[in-house]
Amino acid sequence: MAQPDSKKVFFENLTGAGKAIAVLTSGGDAQGMNAAVRAVVRMGIYVGAKVYFIREGYQGMVDGGEDNIKEATWESVSSMLQVGGTVIGSARCKEFRSHEGRLRAAHHLVEKGITNLCVIGGDGSLTGANLFREEWSGLLAELVEQGLISQDSSQRHSALHIVGMVGSIDNDFCGTDMTIGTDSALHRIIEVVDAIMTTAQSHQRTFVLEVMGRHCGYLALVSALACGADWVLIPEMPPEDGWEDKMCQKLSANRAGMKRLNIIIVAEGAIGRNNKPITTDYVKDLVVKCLGFDTRVTILGHVQRGGTPSAFDRILASRMGVEAVMALLETTANTPACVVSLCGNQSVRLPLMECVQMTQEVQKAMDEKKFEEAVKLRGRSFENNLRTYKLLAHRKPESELPVSNFNVAILNVGAPAAGMNAAVRSAVRVGISEGHKMFAVSDGFEGLYKGQIKEIKWADVGGWTGQGGSLLGTKRTLPAKHVDKIAEQMRLHNINALLVIGGFEAYLSLLELQEARGTHEEFCVPMIMVPATVSNNVPGSDLSVGADTALNAITSTCDRIKQSASGTKRRVFIIETMGGYCGYLASVGGLAAGADAAYIYEEPFDIRDLQSNVEHLTEKMKTSIQRGLVLRNENSNENYTTDFIYQLYSEEGRGVFDCRKNVLGHMQQGGAPSPFDRNFGTKISAKAMQWITKKLTETFRQGRVFANTEDSCCLLGMRRRNLVFQPVVQLKDDTDFVHRIPKEQWWLKLRPLMKILAKYRTSYDVSDSGQLEHVVRNRPKESDASGAM
């Protein structure tokens, strides 16, 4: 469902014919780099360019030779999407820092006709690439003077074009919300923390964990937010003098509150106000000396760099890789080197050196002890994470809390989704911090009309962040049939506001409650919905809490299923995903898993399309790949069922490949929430509670709350770069109520990308393609989409 005015780009008019693109990975490795390399290679070949690998980063460019600079083929990047690290190698190269080294590198590129470089690395690698670009004409002049290249060759290769992608697990590059590898590193950290928490609980231990981040505390901060750590130490915001006593008081208070464990997370670059390092051993000795707690230290080390990339990193890297090729095709001699970046949920292009300079300014601010400035320079995502952590981790004394006398009820509605509990925890603690009395409703609106309502305190939600499902309980019951009883319960408990966390049923519920305001004044209170559903089918939001966990379940299962066929004859797997009529999981899961096709309701297909897909896959099987993957959304077509597609592929592929089918089912709804869902749920719910506080203050008149305007019943959703409060009645025109999906869905624009990477000829919509922007130092707070954590 592309926009009607979308500018479509076809193979015929987006051409790289005659161009040569080289891709290299440099500096430290990061999970997802291979997905980026794969996307650059396949998109480059798709548009008719020659694409080269440069092995071992800049070292391979300096050394040259057929082994180091090698032309890539479509097949050479097969089966690398799920592999961690970088298969083309990465190295730190001292020689490239010298003029002589860069001269040799320029000579080797000209020999291959390469004038377009896609560099995947950190700020050091990208700074080196920009210097190389600036020196290019001078280097060519030297090569002509030395007789190594001709004048004609110098003119033909007169400009070097650079596009960067940031691959760094530290997320320490300014200008992008998320770098390639960061989400996967968070997965590794949270897996370890979740495992440690079980043993810590058993023995009533305190664990001090060191995570990577020499100059950036992002991993420490976000993992602390995702696991509900008791204390976190990061380089950007050293603790105030006397922090040792405060930390010990907090650990002691938590134990007194029946908590059996403590978790302290320390970034490896953590410092005090005097710029002296704070080590894990120092923290451990402090806890043992002051409190006598049994304390252990765990240093995660390079575990954080390893393992398979998460679904988020695969999708991010694939999108960025394609965007990088587009940027190279559109560049001119006057275009500055750019970095392909992520802002909210949208790809953007930013001048490389503006980003590098701001990244360097962060370190300068830290060196000068301007720590608040350093946090601001890190960007809106970092600043919001820090603000949210402080809000949720440190409870104010009762005497310091405002007294609002408002009662706020929280309930989950619809099917369970991973991250719901993190959202509830966040709402409860923010609500208490703002002086409200918080009430938990069990089993959704069914529990509300039955009176299953009880007050919930700060300590009651401890440890909820990492729990899957819905601890409150959730039902699909809609309120319309029970409005009288629900109104009575709201009157009995004096409920002044409702926070509903759920999927499409939650959206329908708010519409019904708003309609019931005409007959029941009890519903004339602020009401807000936070979208939480694995299907990601709620109008008004690009993403829902729970969808990322489901995508990771699909991706990891597809990896295992494909691996099961290694060493056997050619095989195609037909996989059925959940989602109702919404094809998000099938499409985006297909992109993350490297699927050959994904059948969805939103993109109608017939027997001719199925036949064409079978023929396409048969041809690929004969020439290159050994395993094929086809995803089908559960309600994509009532006649072309999973069984039908399985039988069709089995029959038509006879003699070339055999088939297997798998229905993933409810495993997509289960499991511990991903780091993304924990943090997205935490931050979006905190923002929803702050909106409730604002609305309660605005609508409190003559001793009671009365809110009956459209903007007092909202859905809080992520739209492109922003978190937006939208009146639910205004979303009705955007909704297909029969099929329970939005009429316009952003991810449909990713489907051609999946097809291109699967070797189909198709159109590619670039209406959302990143345009060169400038780095904005302080974006307004409202624009914090938190979509990339």
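This report concerns the structure included in the present document.

Quick notes on the rules
Residues numbered from 1 in each chain as written. Predicted model: local features only at pLDDT ≥ 70, side-chain atom pairs only at ≥ 80, totals over all residues. Heavy atoms only, no water. Pairing = 2+ DSSP bridges. Helix = DSSP H or I, 4+ residues; strand = E, 2+ residues; numbered from the N terminus. Axes fitted to C-alpha atoms, helices over the stretch in contact; angles between N-to-C directions. Buried < 20%, exposed > 50% of the residue type's maximum accessible area, 1.4 Å probe, protein only. Expected span 1.5 Å × (residues − 1). Core = buried A, V, L, I, M, F, W, Y, C linked by side-chain atoms within 4.5 Å. Phe/Tyr/Trp six-rings, centres within 6.5 Å; stacked < 30°, edge-to-face > 60°. Contact = heavy atoms within 4.5 Å. Parallel < 35°, antiparallel > 145°, perpendicular 65-115°, else oblique. Nonpolar A, V, L, I, M, F, W, Y, C, P; charged D, E, K, R; others polar.

Considering the sheet that holds strand β12 (residues 346-351)
Now for step 1: As summarised here, the arrangement of the 7 strands in space is β4-β3-β2-β5-β6-β11-β12, forming an open sheet in which the pairing is mixed. Each edge of the sheet is formed by a strand with only one pairing partner; in this case those strands are β4 (69-71) and β12. Each adjacent strand pair in this sheet contributes to an overall mean axis angle of 25°, direction not counted.
Now for step 2: Bridge analysis of strand β3 (residues 50-54) against β4 gives 3 bridges, and the strand direction is antiparallel. Following the sheet pairing, phenylalanine 53 is matched in β4 by lysine 70.

Things to note about the pairing of strand β7 (residues 206-211)
Now for step 1: For β7, a buried count of 6 out of 6 residues is recorded, marking the element as mostly surrounded by other parts of the structure.
Now for step 2: Residues Thr206, Val208 and Glu210 line one face of β7 and the alternating positions Phe207, Leu209 and Val211 line the opposite face, and both faces are buried.
Now for step 3: Strand direction decides the pairing type here: β7 and strand β9 (residues 262-267), joined by 6 bridges, are parallel. Within the sheet, the bridge partner assigned to valine 211 lies in β9 and is alanine 267.
Now for step 4: Bridge analysis of β7 against strand β10 (residues 295-299) gives 5 bridges, and the strand direction is parallel. Residue pairing for β10: leucine 209 is matched across the bridge by threonine 298.

Examining helix α17 (residues 504-515)
For the α-helix, the turn length of 3.6 residues means that residues three or four positions removed from each other point alike.
Now for step 1: Over its 12 residues, α17 extends 17 Å from the first C-alpha to the last, a length consistent with the 16 Å expected when each residue adds 1.5 Å.
Now for step 2: The buried fraction of α17 amounts to 10 of the 12 residues, a majority that puts the element mostly inside the structure.
Now for step 3: All of the buried residues in α17 are Phe504, Glu505, Ala506, Tyr507, Leu508, Ser509, Leu510, Leu511, Leu513 and Gln514.

Structural notes on the nonpolar core
Now for step 1: Core analysis: the biggest nonpolar cluster contains 189 residues, and Met165 and Leu499 have the highest contact counts within it.
Now for step 2: It is helix α10 (residues 311-330) that provides the largest number of residues to this core, a total of 13 residues.

Regarding the packing of aromatic side chains
Now for step 1: With the rule as written, the count across this model stands at 16 aromatic pairs.
Now for step 2: Ring plane angle 70° and centroid distance 5.3 Å describe the contact between phenylalanine 96 and phenylalanine 132, whose orientation is recorded as edge-to-face. With phenylalanine 96 in the loop between β4 and α3 (99-112) and phenylalanine 132 in helix α4 (residues 123-145), this residue pair connects regions lying 36 residues apart in the sequence. Each of the two residues, phenylalanine 96 as well as phenylalanine 132, counts as buried.

Side note on the sheet that holds β10
Now for step 1: The strand order β8-β9-β7-β10 describes an open sheet built from 4 strands, whose pairing is parallel. The open sheet has two free edges, formed respectively by β8 (231-233) and β10, since each of these has just one partner strand. Looking at each pair of strands side by side, their axes are set apart by 15° on average, direction ignored.
Now for step 2: Relative to the sheet, helix α6 (residues 182-203) contacts β7, β9 and β10, its axis offset from that of β7 by approximately 165°.

Description of the packing of α10 against helix α18 (residues 547-563)
Now for step 1: Relative orientation of the contacting elements α10 and α18 amounts to 90°, with a least axis distance of 8 Å. Between α10 and α18, the angle is such that the two are roughly perpendicular. Where α10 approaches α18, its residues Ala311, Phe312, Arg314 and Ile315 are matched on the opposing element by Asp548, Leu551, Asn552, Thr555 and Asp559.
Now for step 2: Taken together, the residues that form the contact of α10 with α18 break down as 4 nonpolar, 2 polar and 3 charged.

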